[in-house]
Structure formats: structure tokens, C-alpha cells
Amino acid sequence: MIFESIRMSFENIVSNKLRSFLTMLGIVIGVAAIIALITIVQGATSSITDQVTSLGVNKVTVNVMGTAVKQGLDDVDVEEIAALSNISGVSPTVSRKMSVTSERTVMDDISVQGNNDVYFKNDDSLLKSGRAINILDLESDNQVAVIGSDIANELFYGTDPVGQELLIGGRTYSIIGTLASSSAFGISSVNSSVIIPYTTALRSMGIQNITSLDAFLVDTTTADETVQEIERVLDASFNYKENAFSVFNMGDMISSFESITGMMTLLLAGIAAISLVVGGIGIMNMMLVSVTERRMEIGLRKALGATPRTIQAQFIIESIFLSLIGGTAGLVLGAAIAYIAAGFIGTGFAIAPTTIYIALGFSAAVGILFGYMPARKASRLNPIDALRSL
């Protein structure tokens, strides 16, 4: 009997194409909105998360504001932090905006930053060609430089910059390597930077103290404890003065970002789901009209022995069919919209299976929920009253 109800439901949908299309339209729009919004947000979130993660989930950043007595970190402070049990290495950073000159042109306000070998060891994707700064460069205060992609294109377009020279603040530096081109995601971009040994930077730039330092963790699960240890070292160094420094765990930033984007995804999905509810109301209205139009059919079937349960099952099945067909069409439409949007935005495109299950499951639930009332009304029709329309 159930297969007969399925057959009759399908035939009724096909025989009333325009009405069926208008009934499904709300579901199509609702599912398409859910698929498109969630997929676009997840793609953008994944892209941004990758960029944030590239900053280093195993990294703790120390920024020093200093006090009236002590302006920044010295070598003793750096060595004490590096000696902590969960620290695999530290990378002091000093920077200043300076003019960079080649034989061809001059570039003003370029970020020249001093780093050490640890900076490169903890990110294999930094270097494009040549070599990185090594421990010998630091110990000997060598005047060598690794330049960003924008600097290489501007000063040495069409030639290999490795082995050539450039002037930084009137001093000659040999180019030993080039940096890989990074995305435009703000703070992680080094395209317009020149990196030199930080010991050389302290000497040549007239900088007396280190005001920024990255500490790389061995075990990220004990990051909070390591942050407390670093704070104890710095508190003692700055005589327990408040606001002398800040210690920031990159892992906390990524966790907070993922939490925020997760809430945004749920919020957008909830907003899009409203259109599904509207589509469900449309299904209920059209099914109620269908019950009124098919009073004679219902009366004949009841007169021939159809039970109220059979009549109710047929209308619920028909409602579920309309919802699932509309949901499938909405899935295809939403995927197409998300794919086009991803191309314009420049993010990745991937539909999570969970998103598909939620959209189609919600569609089926809408069909059952909003199809129940019309189905119940049809099942309770008096066959004698229904046959009076003959």
C-alpha cells in the first residue's frame, strides 16, 4: 500500500507541474540560501584561518613597551627566555622604515627588520631562493640581506637579485636570498620587507634595545604555562612594573577566531533557515488547496475502502516529495552560487557533507511538519460529504 501511495503522490506532482513548481519555490530558495551562505562563509573562514595559522600556532609573541629605567630587552633577557624548558628557540625582531637603493632606483619607507636564524628555521615557506640568515651572519654582524618579492621586482626586475648589492641607510649589503611572495593578509605579508641579521640591525640602525620577540614552543598544549613562565622572567627584568610588556599566545587568537566564525556561520544559517520556514508555509497552503480540489478523489477512495491512515500517508508523502525535490534543486542552485562567489572573492570552494545533510534533512522535516495538517484534514473528510461534489 505504501508503494501505491508513493506512486499516486508522484503522479499528482507531475500532473500539476506549475502548482508543484510554485509550491517548491520557497524550499528551493531556502535551501539555496543555506548552502550558498554556509559554503561561502566556510570557504572565507578556511582561507583566513590558514593565513592566521601561517603566523604560527606554536608561537608566543612578546612586545615590550618598557619603563623609564629600561626601554627593552637585552641579551640576558633573551637568553633566559630561550632557556625555558618548553621553548625551542627565540627570534628577536627590530625594525625601522628606511630607504633602500639599487643601481637602478630608490625605494623609500621600506620596512627593514632584523631577525635571526630561528626566524627562518620555524617557517620553511619563507625562503624562495638563495639562503637564509645563519648563525655566522649573526656572530660576525655580516651586512647581508634577504629581500621580499616586491623589493626584488622593483629593484632587480628581470634579473636574479641573489649575489647583487643594495644600499640600506647608506651601508652596502649583499643579497643572499629572496622571500617567497605572501598573500595580502595584513601582518603576515613580507613582500615589501628587507630582512638583515638583528645584530647588524642593532649596530647599523642605532637601536639600543629589542622591543619584540617571538618564542617558539615545543609543546603547544602547555602554552599557557609557558606564557606564565615568560611573564615571570619579564616581571623580574622590569622590576614588576605594570604595562611594561605584553605576552600574546597565537594559539589563543586562532581559537577565538574559530569560535567567532562558528557563531557567524550558525547565525547566517539561522537567518537563511527562515526562508525554509516560509517555504514550508507555502507547501502547507498549497496542500490545503489540493485537499479542497481533490475532495471527490478522497471520497471515492474512502468509499472503496481506503483508511484515514492511508489517505494521510499519501498527502504527507506528497509533501515530503515536494520538499526533497525542492531541496535538491536548491542544493544545486546554492552550490552554483557559492562556486561563482568563491571565484570572485578568491577563496576555496568545498561543500561540507554536513551542510548537505542539514539542508536536505531540514527540507524533509519541513515537508513532514507542514504537510501534516493538510494530510490530517484529508484523512478526516467524511466520504459522504466529499461525494456530494459529484
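Residues numbered from 1 in each chain as written. Predicted model: local features only at pLDDT ≥ 70, side-chain atom pairs only at ≥ 80, totals over all residues. Heavy atoms only, no water.

### A word on the side chain of S323
Relative to the helices and strands, S323 resides in helix α11 (residues 308–345). Once you skip the residues sitting within four places of it in the chain, S323 turns out to touch I27, I283, S363, V366 and G367. (Helix = DSSP H or I, 4+ residues; strand = E, 2+ residues; numbered from the N terminus. Contact = heavy atoms within 4.5 Å.)

### Remarks on the pattern of salt bridges
Here the structure, examined in full by the defined rule, presents six salt bridges. Here D74 and K70 are joined by a salt bridge, their closest N and O atoms 3.7 Å apart. The shortest N-O distance in the salt bridge between D117 and K121 comes to 3.2 Å. Here K121 and D117 lie together in helix α4 (residues 117–121), a separation of four residues that amounts to about one turn. Accessibility expressed as a relative area gives 60% for K121, which makes it exposed. Ionic contacts of the salt-bridge type, sharing partners, join the residues K70, D74 and D77 into one network. (Salt bridge = Lys/Arg side-chain N within 4 Å of Asp/Glu carboxyl O. Buried < 20%, exposed > 50% of the residue type's maximum accessible area, 1.4 Å probe, protein only.)

### With respect to a nonpolar patch on the surface
A contiguous nonpolar surface patch, about 500 Å² in accessible area, is contributed by L18, F21, L22, L25 and I29. Mapped onto the fold, I29 is located in helix α2 (residues 17–54). (Patch = residues over 30% accessible without salt bridge, like charges linked within 9 Å, V, L, I, M, F, W, Y side chains within 5 Å. Areas by Shrake-Rupley, 256 points an atom, 1.4 Å probe, with all protein chains shown as cover.)

### Let's talk about the pairing of strand β3 (residues 106–115)
Taken across its ten residues, β3 has seven buried, putting it largely inside the fold. Bridge count between strand β2 (residues 87–101) and β3: seven bridges; the pairing is antiparallel. Within β3, the position partnered with M98 by the bridge is I110. Alignment of β3 against strand β8 (residues 193–197), held across five bridges, turns out to be parallel. Paired with G114 across the two strands is I196, which belongs to β8. (Pairing = 2+ DSSP bridges.)

### Some details on the UniProt feature "transmembrane region" (unreviewed entry) in the protein
In the numbering used here, UniProt assigns the "transmembrane region" (unreviewed entry) feature to residues 21–41, 263–288, 319–342 and 348–372. The span residues 21–41 carries 100% helix and 0% strand; its end-to-end C-alpha distance comes to 29 Å. The distance from the first to the last C-alpha atom of residues 348–372 is 40 Å, and the span holds 80% helix and 0% strand. (UniProt positions renumbered as here; feature names shortened; annotations may be inferred.)

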